[in-house]
Structure formats: structure tokens, C-alpha cells
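Below, each chain spelled out in residue letters.
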Amino acid sequence: MLRALRSDRVQQAVGVSYATDKGTGNPATGGLADPNGVGRSTSGLAPEQKARYRDLELELEFFRKLNPKGATDLEAEASAKYP
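Residues numbered from 1 in each chain as written. Predicted model: local features only at pLDDT ≥ 70, side-chain atom pairs only at ≥ 80, totals over all residues. Heavy atoms only, no water.

1. Overview of the overall build of the protein chain
- Along the protein chain, the regular secondary structure elements total two helices and four strands.
- Along the chain direction, N to C, the helices and strands of the protein chain fall in the order β-β-β-β-α-α.
- Within the protein chain, the fraction of its 83 residues that count as buried is 12%.
- In the protein chain, the proportion of contacts linking residues at least 24 apart, taken out of those at least 6 apart, comes to 59%.
- Surface summary for the protein chain: the accessible area is close to 7100 Å², and the carbon and sulfur share equals 53%. (Helix = DSSP H or I, 4+ residues; strand = E, 2+ residues; numbered from the N terminus. Buried < 20%, exposed > 50% of the residue type's maximum accessible area, 1.4 Å probe, protein only. Contact = heavy atoms within 4.5 Å. Areas by Shrake-Rupley, 256 points an atom, 1.4 Å probe, with all protein chains shown as cover.)

2. Section: the packing of helix 1 (residues 56-66) against helix 2 (residues 68-81)
- Interhelical geometry of helix 1 versus helix 2 gives an angle of 135 degrees and a closest axis separation of 5 Å. Looking at the two axes, helix 1 sits oblique to helix 2. Of the residues in helix 2, those in contact with Leu60, Phe63, Arg64, Lys65 and Leu66 of helix 1 are Pro68, Gly70, Ala71, Leu74 and Glu75.
- Each residue belonging to the contact of helix 1 with helix 2 can be placed in one class, and the counts come to six nonpolar, one polar and three charged. (Axes fitted to C-alpha atoms, helices over the stretch in contact; angles between N-to-C directions. Parallel < 35°, antiparallel > 145°, perpendicular 65-115°, else oblique. Nonpolar A, V, L, I, M, F, W, Y, C, P; charged D, E, K, R; others polar.)

3. A few points about the side chain of Asp55
- Its place among the elements puts Asp55 in the loop between strand 4 (49-54) and helix 1.
- Asp55 sits in the buried class, given a relative accessible area of 9%.
- One polar contact links Asp55 to Arg6, side chain to side chain, over a distance of 2.3 Å.
- Within the local environment of Asp55, its side chain forms a polar contact with the backbone nitrogen of Glu57, the two atoms lying 3.3 Å apart.
- Apart from residues no more than four positions distant in its own chain, Asp55 is found in contact with Ala4 and Arg6. (Polar contact = N/O pair within 3.5 Å; in protein donor to acceptor, adjacent residues only side chain to side chain.)

4. Some points on the pairing of strand 4
- The buried fraction of strand 4 amounts to zero of the six residues, a small share that puts the element mostly on the outside.
- Pairing between strand 1 (residues 5-10) and strand 4: six bridges, direction antiparallel. Within strand 4, the residue paired with Asp8 across the bridge is Ala51. (Pairing = 2+ DSSP bridges.)

5. What to know about the pattern of salt bridges
- Overall, the coordinates contain five salt bridges when judged by the stated rule.
- Of the charged contacts, one joins Lys69 and Asp73 as a salt bridge, the two residues approaching to 3.1 Å between their closest N and O atoms. Note that Lys69 and Asp73 are positioned in helix 2 at a spacing of four residues, about one turn of the helix.
- Residue Asp73 is classed as partly exposed on the basis of its relative accessible area of 40%.
- Via salt bridges that share partners, Glu61, Arg64 and Glu75 belong to a single interconnected network. (Salt bridge = Lys/Arg side-chain N within 4 Å of Asp/Glu carboxyl O.)

This is the structure in C-alpha cells:
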């Protein structure tokens, strides 16, 4: 039995903006404790995500190399069952 698995790794850039509002600041600045805190941001990379899935096309290619008649029979059976 042969199983071919494909793995994909994805990592995305992320950015977050935040404001610090303690409610104790100057009313003219909207009550922000740190008026310079508005619009501050941080950025970086999200944790890497991995996805694995079975690669049926690659399995069929291997099967064609190892047993061409068996692969042809399997494809005919699959076509008849799932048109």
C-alpha cells in the first residue's frame, strides 16, 4: 500500500493597531492617558500553519508506473462509479 501526502506551510504577516485608554487623560485628547498611543501598531508573522492532505493524483501516477494495467482498471472503475 502506498500513500502520498502533500504538506503545505503557510505563514502570514500580521499587524495590530491599538490605543491605550485609561480614561484619566486630558478631555481634549479624548481621555487617552497617552495621546501618542493612538495609531501605535505592531507587526510580525502569524504562527506557521501546516496542512497535510492525501495526494490521490500522485498516488495514481506511482500506480501507473508500477502496474499500468491495474491503474487502467482502477480508473475505469472510478469513471463508471463516479461519472
